[in-house]
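Residue-level listing of the chains:
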Amino acid sequence: MENYQENKTIFRLKACFWVMMMLNFITVTFLALTIVLTQYRIADSQVGAEFLSRLMVVPETPAVRLTLVIGSYLMLCAIVFLKREISEEKKNLFYAMNVLEILLVILLMVKIDMSYNGIIFFVVAEMLSGTEKPWNRVILLVLAFLSYLICSYDLITLFIPMNSFEMWVSFYDVHTEKYFLVMRTLCTLINMVLFLVYIVMIQSADRKEKERIRQLNGQLQKANEQLHEFAREKELMGETRERNRLAREIHDTLGHILTGISVGIDAAMVLLEVDSEAAKKQLKTIGKMARKGLNDVRRSVRKLKPDALERMSLENAIHQMIEEMSEGTNTKIYFVSYMEQMQFGADEEETIYRIIQESTTNAIRHGHASEIWIRMNVCEKNKEDIPEPEAGQEELIIMISDNGSGCPDIKEGFGLKHMRERVELLNGSIFFESVFGFTVIVKIPVRR
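A few points on the structure. (Residues numbered from 1 in each chain as written. Predicted model: local features only at pLDDT ≥ 70, side-chain atom pairs only at ≥ 80, totals over all residues. Heavy atoms only, no water.)

A few words on the layout of surface pockets. In this model, the second largest pocket occupies a volume close to 350 Å³. Taken together, 21 residues form the lining of the second largest pocket, with N362, H366, C407, L416 and F438 sitting closest to its centre. Residue assignment for the lining of the second largest pocket shows that the elements contributing at least two residues are α13 (346-365), β3 (394-402) and α14 (414-425). Looking at the lining of the second largest pocket, the element that brings in the most residues is α13, giving five residues. For the lining of the second largest pocket, the per-class residue count stands at nine nonpolar, eight polar and four charged. (1 Å grid on protein atoms, 1.4 Å probe; cavity = no way out; pocket = protein on both sides within 12 Å on 5 of 7 lines; lining within 4 Å. Points joined across faces, edges and corners; volume = space filled by probe spheres on them. Helix = DSSP H or I, 4+ residues; strand = E, 2+ residues; numbered from the N terminus. Nonpolar A, V, L, I, M, F, W, Y, C, P; charged D, E, K, R; others polar.)

Let us now look at the pattern of salt bridges. Tallied over the full model, the rule gives four salt bridges. Ionic pairing is found between R184 and E166, a salt bridge with its closest N-O pair at 2.7 Å. With R184 in helix α9 (residues 174-274) and E166 in helix α8 (residues 165-169), the pair connects residues that are 18 residues apart, well separated along the chain. Among the salt bridges present, the one from R214 reaches E211, with a minimum N-O distance of 2.4 Å. Within this pair, R214 and its partner E211 are both found in helix α9, separated by three residues, close to a single helical turn. Accessibility expressed as a relative area gives 31% for E211, which makes it partly exposed. (Salt bridge = Lys/Arg side-chain N within 4 Å of Asp/Glu carboxyl O. Buried < 20%, exposed > 50% of the residue type's maximum accessible area, 1.4 Å probe, protein only.)

Summed over the entire model, instances satisfying the criterion amount to twelve aromatic pairs. Ring centres of Y73 and F122 lie 6.1 Å apart, and the angle between their planes is 25°; this geometry places the pair in the stacked category. Taken together, the residues Y73 in helix α3 (residues 62-83) and F122 in helix α5 (residues 119-129) connect sequence positions 49 residues apart. Comparing Y73 with F122, the two get one shared label, buried. (Phe/Tyr/Trp six-rings, centres within 6.5 Å; stacked < 30°, edge-to-face > 60°.)

Between its terminal C-alpha atoms α3 stretches 32 Å, which fits the 32 Å expected from 22 residues at 1.5 Å a residue. Turning to α3, its buried residues are P62, R65, V69, S72, Y73, L76, C77, I79, V80 and K83. In an axial view of α3, the angular spread of the buried residues amounts to 160°, which keeps them on one side of the axis. (Expected span 1.5 Å × (residues − 1). Arc of directions from axis to C-beta.)

Turning our attention to the packing of helix α4 (residues 91-111) against α5. Relative to each other, α4 and α5 sit at 165°, their axes nearing to 10 Å. The orientation of α4 with respect to α5, classified from their angle, is roughly antiparallel. Both α4 and α5 take part in a crossing whose hand is right-handed. Contact residues: N98, E101, V105, L108 and M109 in α4; I119, I120, V123, E126 and M127 in α5. Across the contact of α4 with α5, the residue classes break down as seven nonpolar, one polar and two charged. (Axes fitted to C-alpha atoms, helices over the stretch in contact; angles between N-to-C directions. Parallel < 35°, antiparallel > 145°, perpendicular 65-115°, else oblique. Left-handed = near helix turned anticlockwise from the far one by under 90°. Contact = heavy atoms within 4.5 Å.)

What follows deals with the sheet that holds strand β5 (residues 439-445). A sheet is described by the order of its strands in space; here five strands give the open sequence β1-β2-β3-β5-β4, paired in mixed fashion. The sheet terminates laterally at β1 (332-337) and β4 (429-433), the two strands that pair on one side only. The mean inter-strand angle of the sheet, taken between neighbouring strand axes irrespective of direction, is 10°. Sheet strands in contact with helix α12 (residues 314-329) are β1 and β2 (371-380), and its direction is about 165° off that of β1. (Pairing = 2+ DSSP bridges.)

The structure is reproduced here in structure tokens:
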């Protein structure tokens, strides 16, 4: 709707300008033809010598006058349209064309014996359409009216002798003379009215444009406020995600290490009464586990991956974690990988490591398992479960099961919930079963 109104306003401005251009062409052609035809009739009449003696200057050849008038006006129109195609970089050419316009207007008025100066308004209207600054438009309007007053026949003839249109039409009878004078007056008035209408339309278009800009500024301000609000929400969401990430990291690290320490201390207390050397060895392992956990916590806070993954490959890091947990808790943990090599992205490695860490920790802490089995392999996705474009894609399957007490009613607490969040971030899925112990099954799409 807004574009329609804008196009409608532009169409009206162009229509008014075209009417003004055609009216001026008709007017100057009418005046030139009147003077030229009168010259021919005077030459053919018997009172030619008497009429010519009343003229202030000897007239030029009629054909030359008519050619100059029509040619000058057509050239003026051509310049008007050419100026609209000139880019802003070519300012010198633009100013040169303005000067040429003024010279053509002066030539036209001279060739019709200064009998019509409304052509000034046509040229000024064209200049106004190419000017956007209010003060420039005011200056153009003032110059237009001053030029209109200065370029009148009565004022010009005070300095330059010139024949008048009234003198030319005085050759005819009274009724014909009035007809010519009325026609000229009507053309002059209509041209002036069209010019005033054009000015009003430009002012109206400017007001509408300012109103449109004001509305757009309001919409922009509203959009900025919404953007700031969105940015604040995004920041809060980022903070929430970061808190959740840190919570997952600290939970996985501290939960794993504290479980190992707790179970290890219980075992050490039992060994103190039976074998003090074995108890000391157990306590050393617990101390080593505690220091490693502290390093992991520090790295989690700094958004770094586990210490083991920084120093070694994923497979070695898993083996080290299993060995430490097994030694510290006297739990037998078996790890089997059916892959020739384990190469994943950093986020994938961290997720795999944390899932195995959390699952073994839960098996020992909650299930009181004495044996844990970890299996990893890669296989092709089930084609019935995936769209045709993704057929043939492989996925990593991790299965962690134990011989613990299990959980008849599985409710996802903090640990299981964070495990699911980690897997879903990789577009994977996770399942929990409690049959003859507890089983965790993880499926993660393998990236190409």
